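Tertiary structure, described
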Amino acid sequence: MKIKTYLILSGIFLFLYSCGKNEKQIIDENAPSLAVQSENPKPAEQLLFRKSEDIVPSEELNLSLLKKTAENLNIKYSNIKIEDVSSIRYNNETTFFVICVIKKNKTKSGEEDLGNYYERKFVFVNNENGKILAEETDKNLGYYENEGLRVAKTYILNHVLQLNDKTPAIAFSTEVYSNSRVVMFSEEKFTIVTFDGNRIRKVLYEYPIRSANGDSNGGGTYQIETLETGISLSDSQTKGFYDVLVSKIYTYEDAAEEDLENDVQQKSDLKVKKEFQKLKFDGKTYSFKKDDRNRFL
């Protein structure tokens, strides 16, 4: 589903810069709880990240292989937004690419100019010749350059996961955001894919790992709720794949700058709520219920 046009929303930078030391201290104090634990008092097999900003992305980018891939996809290399391309070697024979393709949009007379369209493709290719082994276009990550929302670069984790002894997987995060100074919004999600030699399997698709919702006067007065999520792979399995352990911290801040003319006093209220979730493989995917509820707003 394409992103709705002309939403007046914002990215999270205003929030990050405007939040005071109190919030940082609370998050730091609670950080150990993000090293999520299983229901049994055994350590998780592998901590992937305590919060999304801790994700270490892959820095691999074989431009020669990308050019071969573009040719095999029948895409002009000049139509690829190189700064938004991510990749990682899946195994000795295969590489995984996330490719951002720019599609020129020709506006007819009288139509609204939405600008160029940016399309996101997931592709597995042969390491030697760039032959396409599997490809998929993610419509949730397509957007027009003049829309209110943007899609950030897809960040692939810098190592291949093991969902069991025989199944490697690739994990990556995607983010939708806006840069309004009035209504603040961003949403980051987490996906895990595997490849069976013929097709891409999204075993976990767009699980929310960070969000920010709120509004601001463009200065020091704002209300915002954020979600920060930690992800681990458990040492227990369900239907052959390790369980995914999720630790959530919801933070709400209500802040106001002093405005004596309008009888507004300075304030900064902070609330925190923690939650835990275990995602189990059902034989096809790690199923989960979509939960867009705010905990404080």
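Predicted model, so just to flag it, every value in this text is computed and none were measured. All residue numbers refer to positions counted from 1 along the written sequence of the respective chain. pLDDT decides what is reported in this predicted model: residues at 70 or higher carry local features, side-chain atom pairs at 80 or more are listed and counted, and totals for whole chains, interfaces and linings draw on all residues regardless. Hydrogen atoms and water are omitted, and side-chain values are computed over all heavy atoms in the structure.

**Here we look at unusual backbone geometry**
Positive phi values are uncommon outside glycine, yet Asn74 reaches one of about 60 degrees. Turning to its location among the elements, Asn74 is positioned in the loop between α3 (63–72) and β2 (86–89). Non-glycine residue Glu206 carries a positive phi angle of around 55 degrees. In this text, helices come from DSSP runs of H or I with a minimum length of four residues, and strands from runs of E with a minimum of two, each type numbered from the N-terminal end. Tracing the sequence through the fold places Glu206 in strand β11 (residues 200–216).

**Quick word on the sheet that holds β2**
Here we have 4 strands laid out as an open sheet, ordered β2-β3-β4-β5, and antiparallel in their pairing. A single partner strand is all that each edge strand has here, and the edge strands are β2 and β5 (132–144). Shown here is a sheet whose adjacent strand axes are inclined to one another by a mean of 15 degrees, direction ignored. The pairing of β2 with strand β3 (residues 94–103) spans 4 bridges and is classified as antiparallel. Residue pairing in the sheet places Ser87 in a bridge with Phe97 of β3. Between two residues, a contact is recorded if the distance between any of their heavy atoms is within 4.5 Å. What counts as an axis is a line fitted to C-alpha atoms, over the stretch in contact for a helix, and the angles between N-to-C directions run from 0 to 180 degrees. Of the strands in this sheet, β3, β4 (117–126) and β5 are in contact with α3, which crosses β3 at around 65 degrees. Pairing between strands is defined by DSSP: at least two bridges between them are needed.

**Some details on the side chain of Glu188**
Mapped onto the secondary structure, Glu188 falls in strand β10 (residues 183–195). In this structure, Glu188 is buried with no salt-bridge partner, the nearest side chain bearing the opposite charge being Arg210 at 5.5 Å. For the purposes of these results, a polar contact is taken to be a pair of N or O atoms within 3.5 Å, where, inside protein, one atom must be able to donate a hydrogen and its partner to accept one; residues adjacent in sequence count only when each atom of the pair is a side-chain atom. Side-chain polar atoms of Glu188 contact the side chain of Ser52, separated by 3.1 Å. Aside from chain neighbours lying at most four places away, what touches Glu188 is Ser52, Ser173, Thr174, Glu175, Tyr207, Pro208, Ile209 and Arg210. Buried residues are those whose accessible area, probed at 1.4 Å on protein chains only, stays under 20% of the maximum for their type, while exposed residues exceed 50% and partly exposed ones sit between those limits. The positive count covers Lys and Arg only, the negative count covers Asp and Glu only, and His and the chain ends enter neither. Whenever Lys or Arg places a side-chain nitrogen within 4 Å of a carboxyl oxygen from Asp or Glu, that contact is recorded as a salt bridge.

**Remarks on the packing of aromatic side chains**
Aromatic contacts are taken between Phe, Tyr and Trp rings whose centres are within 6.5 Å, Trp giving its six-membered ring; a plane angle under 30 degrees counts as stacked, one over 60 as edge-to-face, and the others as tilted. For the structure on display, the rule yields 14 aromatic pairs. Aromatic pair Phe96 and Phe122: ring centres 6.3 Å apart, planes at 40 degrees, arrangement tilted. Note that Phe96 is positioned in strand β3 and Phe122 in strand β4, a separation of 26 residues in sequence. Considered together, Phe96 and Phe122 belong to a single accessibility category, that of buried residues. An aromatic cluster is defined as three or more aromatic residues linked by ring pairs; in this entry it consists of Tyr90, Phe96, Phe122, Phe124, Phe172 and Phe195. Over a ring means this: the NZ of a Lys or the CZ of an Arg is within 6 Å of the ring centre and within 35 degrees of the ring normal. When the ring centre of Tyr77 is taken as origin, the NZ or CZ atom of Lys67, which lies over that ring, is 5.4 Å away. The ring of Tyr205 has Lys202 lying over it, and the distance from NZ or CZ to the ring centre is 5.1 Å.

**Quick word on the confidence of the model for the protein chain**
Each residue carries a pLDDT score, the predictor's confidence in it, ranging from 0 to 100. Here the protein chain averages 84 in pLDDT, and 79% of its residues register 70 or above. A low-confidence stretch, residues 1–41 stays under pLDDT 50, and its non-local contacts, those more than four residues away or across chains, total 102 contacts.

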